[in-house]
Amino acid sequence: MNSNNKSRVVFYLSNQDKELLNNHCNILQVRTSFFVRNCVLEKLGKPILEVSKTNIEVKQYTGELIKIGVNLNQISRKLNSGSKFMIADQKTVLDQISAINNHILQIKSQL
């Protein structure tokens, strides 16, 4: 759309509605004007922009999450058994938490 073909539309929202709109746009990571424009065009029956979704290998991620769950269960079982938590164990836990963090960031980048 060429900037010469655009017209400004002004409307008013309550502070609560504006905050709700801004929060929704932040979650979707889109500009407010983009979101409102597409909502209005959708209601008018105009085609809207479709966001393409990346194919995520669900089985692979499910398997990884199961492994992470098993590791966390082993850690909690050891902590709850009253045995001492050695420095080597702390390093292992921190490494696993870092791996979980990296894995979550990888998944998020593919969404």
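The rules we used
Residues numbered from 1 in each chain as written. Predicted model: local features only at pLDDT ≥ 70, side-chain atom pairs only at ≥ 80, totals over all residues. Heavy atoms only, no water. Helix = DSSP H or I, 4+ residues; strand = E, 2+ residues; numbered from the N terminus. Buried < 20%, exposed > 50% of the residue type's maximum accessible area, 1.4 Å probe, protein only. Contact = heavy atoms within 4.5 Å. Areas by Shrake-Rupley, 256 points an atom, 1.4 Å probe, with all protein chains shown as cover. Expected span 1.5 Å × (residues − 1). pLDDT = per-residue confidence, 0-100. Polar contact = N/O pair within 3.5 Å; in protein donor to acceptor, adjacent residues only side chain to side chain.

## Describing the overall build of the protein
Consideration 1: Helix and strand counts for the protein come out as four helices and zero strands.
Consideration 2: Walking the protein from its N terminus toward its C terminus, one meets helices and strands in the order α-α-α-α.
Consideration 3: A total of 111 residues make up the protein; the buried ones form 8% of that total.
Consideration 4: Counted over contacts in the protein with a minimum sequence separation of 6, partners at least 24 positions apart contribute 34%.
Consideration 5: For the protein, the accessible area works out to roughly 10200 Å², and carbon and sulfur atoms hold 56% of it.

## A few points about the environment of N71
Consideration 1: Within the fold, N71 resides in helix α3 (residues 58-80).
Consideration 2: Taking the C-alpha atoms as reference points, N71 and V93, separated by 22 residues in sequence, lie 8.9 Å from one another.

## As for helix α2 (residues 32-43)
Consideration 1: With twelve residues, α2 extends 17 Å between its outermost C-alpha atoms, agreeing within 8% with the 16 Å of an ideal straight helix rising 1.5 Å per residue.
Consideration 2: G45 lies just past α2 and shows a positive phi near 85°.

## Concerning the confidence of the model for the protein
Consideration 1: When pLDDT is averaged along the protein, the result is 78; 80% of the residues meet or exceed 70.
Consideration 2: Across the protein, element-level confidence peaks in helix α1 (residues 15-28) with a mean pLDDT of 88 and bottoms out in helix α4 (residues 87-110) with 76.

## Digging into the side chain of N38
Consideration 1: The residue N38 is located in helix α2 in this model.
Consideration 2: Separated by 2.8 Å, the side chain of N38 and the backbone oxygen of F34 make a polar contact.

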